[in-house]
Amino acid sequence: MAQINFGGTVEDVVTREEFPLEKARQVLSDQTIAVIGYGVQGPGQALNMKDNGLNVIVGQRKGKTYDKAVADGWVPGETLFEIEEALEKGTIICYLLSDAAQIELWPTVKKYLTAGKSLYFSHGFGITYKEKTGIVPPADVDVFLAAPKGSGTSLRRLFVEGKGLNSSFAVYQDATGTAREKCIAMAIGVGSGYLFETDFYKEVTSDLTGERGTLMGAIQGIFAAQYEVLRENGHSPSEAFNETVEELTQSLMPLVAENGMDWMYANCSTTAQRGALDWWKPFKEATKPVFAKLYDSVKTQAEAARSIDLNSQPDYRPKLEAELKDLRESEMWQAGAAVRSLRPERN
Ligand SMILES: NC(=O)c1ccc[n+]([C@@H]2O[C@H](COP(=O)([O-])OP(=O)(O)OC[C@H]3O[C@@H](n4cnc5c(N)ncnc54)[C@H](O)[C@@H]3O)[C@@H](O)[C@H]2O)c1
Ligand SMILES: CC(C)(O)[C@@H](O)C(=O)O
Ligand SMILES: [Mg+2]
Ligand SMILES: [Mg+2]
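What you see is a predicted model; the values in this text were computed from it and never measured.

Visitor: Help me understand the overall build of the chain in this model?
Guide: The helix and strand inventory of the chain stands at 17 helices and 10 strands. In terms of C-alpha radius of gyration, the chain reaches 22 Å, essentially the compact-globule figure of 20 Å for 347 residues. Each of the three principal axes of the chain carries a C-alpha extent, and together these read 65 × 50 × 45 Å. Burial status across the chain gives 39% buried among its 347 residues. The long-range fraction of contacts in the chain, counting pairs at least 24 apart against all pairs at least 6 apart in sequence, stands at 65%. Entry remark: accessible area of the chain is about 18600 Å², with carbon and sulfur atoms responsible for 54%. For the chain, the distance from the average site of its 37 positive side-chain charges to the average site of its 47 negative ones is 2 Å.

Visitor: I'm lost on the site of ligand 2 in this one. Help?
Guide: The immediate surroundings of ligand 2 are formed by Gly 150, Ser 151, Asp 207, Glu 211 and Met 216. For ligand 2, an oxygen atom lies 2.9 Å from a polar atom in the side chain of Asp 207. Taking Glu 211, its side chain carries an N or O atom lying 2.8 Å from an oxygen atom of ligand 2. Expressed as a share of its isolated accessible area of 270 Å², the protein-covered part of ligand 2 is 60%.

Visitor: What is the right way to look at the coordination of the magnesium ion (ligand 3) in this model?
Guide: Binding of the magnesium ion (ligand 3) to the protein goes through Asp 207 (OD) and Glu 211 (OE), at separations of 2.0 to 2.1 Å. The distance between the magnesium ion (ligand 3) and the magnesium ion (ligand 4) comes to 3.7 Å, and Asp 207 binds to both of them. Remark: Glu 211 and Asp 207 occur in helix H10 (residues 200–212); sequence separation between them is four residues, near one turn of the helix.

Visitor: Help me understand the pairing of strand S3 (residues 33–36) in this model?
Guide: Consecutive residues of a regular strand have side chains that alternate between opposite faces of the sheet. Side chains Ile 33 and Val 35 project from S3 onto one buried face, and the interleaved Ala 34 and Ile 36 project onto a second face that is buried too. Across four bridges, S3 lies against strand S4 (residues 56–59) in parallel orientation. Bridged to Ala 34 within S4 is Ile 57. The β-α-β motif built from S3, the intervening helix H2 (residues 41–51) and the parallel element S4 has right-handed crossover chirality.

Visitor: Which parts of the structure should I look at to understand the site of ligand 1?
Guide: The immediate surroundings of ligand 1 are formed by 22 residues, with Tyr 38, Gln 41, Gln 60, Asp 99 and Gly 152 found nearest. A distance of 2.9 Å separates an oxygen atom of ligand 1 from a polar backbone atom of Tyr 38. Looking at the shell around ligand 1, the element that brings in the most residues is helix H5 (residues 99–111), giving four residues. For the shell around ligand 1, a count of residues per class yields seven nonpolar, 12 polar and three charged.

Visitor: Help me understand the layout of surface pockets in this model?
Guide: By rolling a water-sized probe across the atoms, one finds the places where empty space is left. Volume-wise, the second largest pocket comes out at about 1300 Å³. Ile 222, Gln 226, Leu 248, Tyr 265 and Phe 283 are the residues nearest the centre of the second largest pocket, which is lined by 30 residues in total. Elements supplying a minimum of two residues to the lining of the second largest pocket: helix H11 (217–232), helix H12 (237–259), helix H13 (261–266) and helix H14 (270–299). When residues in the lining of the second largest pocket are grouped by element, the largest group, 11 residues, is from H14. In terms of residue class, the lining of the second largest pocket is made up of 19 nonpolar, seven polar and four charged.

Visitor: Can you walk me through the domain arrangement of the chain in this structure?
Guide: Reports often express the size of an interface as the amount of accessible area lost when the parts come together. Along its sequence, the chain is organised into domain 1 (2–199) and domain 2 (213–346). Using only C-alpha atoms to locate each centre, domain 1 and domain 2 end up separated by 30 Å. Listed per partner, the contact involves six residues of domain 1 and seven residues of domain 2. Summed over both sides, the interface between domain 1 and domain 2 buries roughly 580 Å², with carbon and sulfur atoms accounting for 73% of that surface. For the domain 1 face of the interface with domain 2, the top three residues by lost area are Phe 125, Tyr 129 and Lys 132, together amounting to 72%. Between the two partners, domain 1 and domain 2, sit zero salt bridges. Linking domain 1 to domain 2 there are one residue pair in polar contact (both at pLDDT 80 or more).

Visitor: Even after reading the chapter, I still don't get the side chain of Ser 297, so can you show me in this structure?
Guide: Mapped onto the elements, Ser 297 comes out in helix H14. Of the residues examined, Ser 297 reaches a relative accessible area of 17% and is grouped as buried. Contacts of Ser 297, omitting those with residues within four sequence positions, involve Ala 302 and Glu 303.

Visitor: Would you mind showing me how to read the UniProt feature "domain: KARI N-terminal Rossmann" (unreviewed entry) in the chain here?
Guide: When the UniProt feature table is mapped onto this chain, "domain: KARI N-terminal Rossmann" (unreviewed entry) is found at residues 10–198. Taken end to end, residues 10–198 is 39% helix and 21% strand, and its first and last C-alpha atoms sit 15 Å apart.

Visitor: Can you help me understand the packing of H2 against helix H8 (residues 152–160) in this one?
Guide: Describing two packed helices takes the angle between their axes plus the distance from one axis to the other. Here H2 crosses H8 at 25 degrees, and the two axes come no closer than 7 Å. Judged by the angle between their axes, H2 and H8 are roughly parallel. In this structure, H2 meets H8 at a crossing whose hand is left-handed. Seen from H2, the contacting residues are Gln 41, Gly 44, Gln 45, Leu 47, Asn 48 and Asp 51; seen from H8, they are Gly 152, Leu 155, Arg 156 and Phe 159. Of the residues contributing to the contact of H2 with H8, the split by class is three nonpolar, five polar and two charged.

Basis of the calculations
Chains are numbered independently. Their residues run from 1 in the order of the written sequence. Here the convention is simple: chains get letters from A, ligands get numbers from 1, in the order in which they are written. Only residues with pLDDT of at least 70 get local features here, since the model is predicted, and only at 80 or more are side-chain atom pairs given and counted; chain-wide, interface and lining totals rely on the full set of residues. Note that the side-chain values use all heavy atoms of the structure and ignore hydrogens as well as water. Numbering of helices and strands runs from the N terminus, with a helix taken as a DSSP run of H or I at least four residues long and a strand as a DSSP run of E at least two residues long. This radius of gyration counts C-alpha atoms alone. The globule rule is 2.2 Å times how many residues there are, raised to the power 0.38. Summary of the burial criterion: residues with accessible area below 20% of their type's maximum are buried, those above 50% are exposed, and those between are partly exposed, where the area comes from a 1.4 Å probe applied to protein chains only. Only heavy atoms enter the contact rule, under which two residues are in contact if any of them lie within 4.5 Å. Only the protein chains shown count as covering a residue, and every accessible area follows the Shrake-Rupley method with a 1.4 Å probe. Only four residue types enter the tally: Lys and Arg on the positive side, Asp and Glu on the negative side, with His and both chain ends excluded. Where a charge lies is defined by one atom per residue type, namely NZ (Lys), CZ (Arg), CG (Asp) and CD (Glu). We call a residue near a given molecule or strand whenever any one of its heavy atoms falls within 4 Å of it. Two N or O atoms count as a polar contact when they lie within 3.5 Å, although within protein this holds only if one can serve as hydrogen donor and the other as acceptor, and sequence-adjacent residues are included solely when both atoms are side-chain atoms. Note: metal donors comprise N, O and S atoms at 2.8 Å or less from the metal (3.2 Å for Na, K and Ca); water molecules are not included, so apparent gaps in a site are possible. Here, strands pair whenever DSSP counts at least two bridges between them. Clockwise travel from the first strand over the helix to the second, with the strands pointing away from the viewer, marks a crossover as right-handed. Throughout, the ten residues Ala, Val, Leu, Ile, Met, Phe, Trp, Tyr, Cys and Pro are labelled nonpolar, Asp, Glu, Lys and Arg are labelled charged, and all others, Gly among them, are labelled polar. Every definition here rests on a 1 Å grid over the protein atoms only: cavities are sets of points where a 1.4 Å probe fits but cannot get out, pockets are open sets enclosed by protein on both sides within 12 Å along at least five of seven lines, and lining residues have some atom within 4 Å of a point. Grid points are joined across faces, edges and corners, and a volume is the space filled by probe spheres set on the points. Domain delimitation follows an automatic or database domain assignment. Simply put, the buried area is the total loss of 1.4 Å probe accessible area from both parts when two parts are fitted together. We count a salt bridge whenever a side-chain nitrogen from Lys or Arg sits within 4 Å of a carboxyl oxygen from Asp or Glu. UniProt positions are given in the numbering used here, feature names are shortened, and annotations may be inferred rather than shown by experiment. Comment: axis = line fitted to C-alpha atoms, over the contacting stretch for helices; angle = value between 0 and 180 degrees taken between N-to-C directions. These descriptions rest on fixed angle ranges, namely under 35 degrees for roughly parallel, over 145 for roughly antiparallel, 65 to 115 for roughly perpendicular, and the rest for oblique. In this scheme the crossing of two helices becomes right-handed for a clockwise turn of the near helix relative to the far one and left-handed for an anticlockwise turn of less than a right angle.

Structure (structure tokens):
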């Protein structure tokens, strides 16, 4: 493994140079990879693996998502099956149902996990919270994860552009002595950039924190707070949205992605730099207690319990959709839709 210095801490990582696609193909040459579930990660991972020359089939229940799989080129009876048929054919079972659905389907999946097969996850959820999920794999199967650090939609888009999201990987159970190399081969096969090692507990704990925090929850909270203050002080929706969201996503975050925060700052005025350097600290102080509370809520499994409880309610889907609709129809995101429609490249 390559040793890389991450800001003073040296970590082992796996790059595509030392574990090339050719090696992944060789490790997985006698495997039938069954991607169970075709929601968000399913399509990204399955299509990338197929384009990478691996032997992939998809298992998906009939309905809209099954039709999407057909539209994506999966052939019923050849590479696309009902879930149980795919479970039977697969030697590496990629369990890419939603975390809640994984609980429901587990008794079925378990039946097909015969000795020597592999069970692959993209999250540490099911295994870490086994007292809540009931997911306890048989001792004679390999169990590992590769967790792309981003949406399955981006995983596919970046792959098509010749780029790759980073993924973490972890082995939970090595029954055959080959779990680790299969795990790394799968992580390369789904189109990852570099790989960093973790364990199932750390993966789920950091992932739940990240998505509730800066990646999704905190960012919306901070956007909403600033937007409201601007509106309360007489600024128009377009001005408030541009100064809160549009400039960040269109101009400044791409600069951060390219070369770091200081470089983005350096490409703004000295007036902006002075203010940003002064104000990031009070923002950190104000929000750190919230992040500590969030981490604690993840660690005590309150977040997992809430997710499982709510997801298992029969009316959860429509309620979730109603919440997303409220967000979409809020003034800020309606202003956002108007702003997006005015981007020159959309005309
Ligand atoms: N969404 C992402 O981009 C992302 C990123 C990293 C990791 N993950 C992890 O990947 C896994 C899959 O997540 P996802 O967001 O792609 O899932 P998802 O919510 O998109 O659902 C995946 C599939 O589950 C099927 N499904 C739902 N309920 C079912 C049931 N009762 N019976 C049979 N099928 C059912 C759906 O038809 C769908 O095809 C999860 O462990 C998740 O944490 C997701
Ligand atoms: C894409 C995310 C947020 O990284 C993933 O963790 C998820 O749960 O969808
Ligand atoms: Mg997640
Ligand atoms: Mg994540």
